[in-house]
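# Structural overview for review
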Amino acid sequence: MATMKTALPKPGLLRREIALALLIKLILLIGLWFLIFRWLQRPAEQPDIASHFALQAPASATISDFPSQP
């Protein structure tokens with residue numbers, strides 16, 4: 001009777017395949033998290049940053065209130 005040799009992969013190769021599969025799964029889960037929780041909270045239109053940081057002088061202040069010479 002002939003002996004059958006089974007071709008088993010090296011243990012290191014199996015570990016690499018499992019690690020690669022887990023890494024791909026982790027990347028996909030992080031991407032899904034960003035898609036669900038971060039992307040949906042973005043405003044529909046871009047905010048006007050210039051108006052957000054614009055400095056507005058008080059209405060009572062006029063140019064004559066500030067001395068031109070120190």
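Residues numbered from 1 in each chain as written. Predicted model: local features only at pLDDT ≥ 70, side-chain atom pairs only at ≥ 80, totals over all residues. Heavy atoms only, no water.

### Quick word on the overall build of the chain
The number of helices and strands found in the chain is two helices and zero strands. Out of the 70 residues in the chain, the part that is buried amounts to 0%. (Helix = DSSP H or I, 4+ residues; strand = E, 2+ residues; numbered from the N terminus. Buried < 20%, exposed > 50% of the residue type's maximum accessible area, 1.4 Å probe, protein only.)

### Observations regarding the packing of aromatic side chains
Per the counting criterion, the structure on display carries two aromatic pairs. Seen in terms of ring centroids, Trp33 and Phe34 are 5.0 Å apart; in terms of plane orientation they differ by 85 degrees. Their pairing is edge-to-face. For Trp33, a relative accessible area of 39% puts it in the partly exposed group. Relative accessible area serves as the criterion here: at 44%, Phe34 is assigned to the partly exposed category. Taking the centre distance of 6.3 Å and the plane angle of 45 degrees together, the rings of Trp33 and Phe37 count as tilted. Taken as a pair, Trp33 and Phe37 lie in helix α1 (residues 11-38) at a separation of four residues, close to a single helical turn. (Phe/Tyr/Trp six-rings, centres within 6.5 Å; stacked < 30°, edge-to-face > 60°.)

Interpretation note: all reported values are geometric properties and have no functional meaning in isolation.
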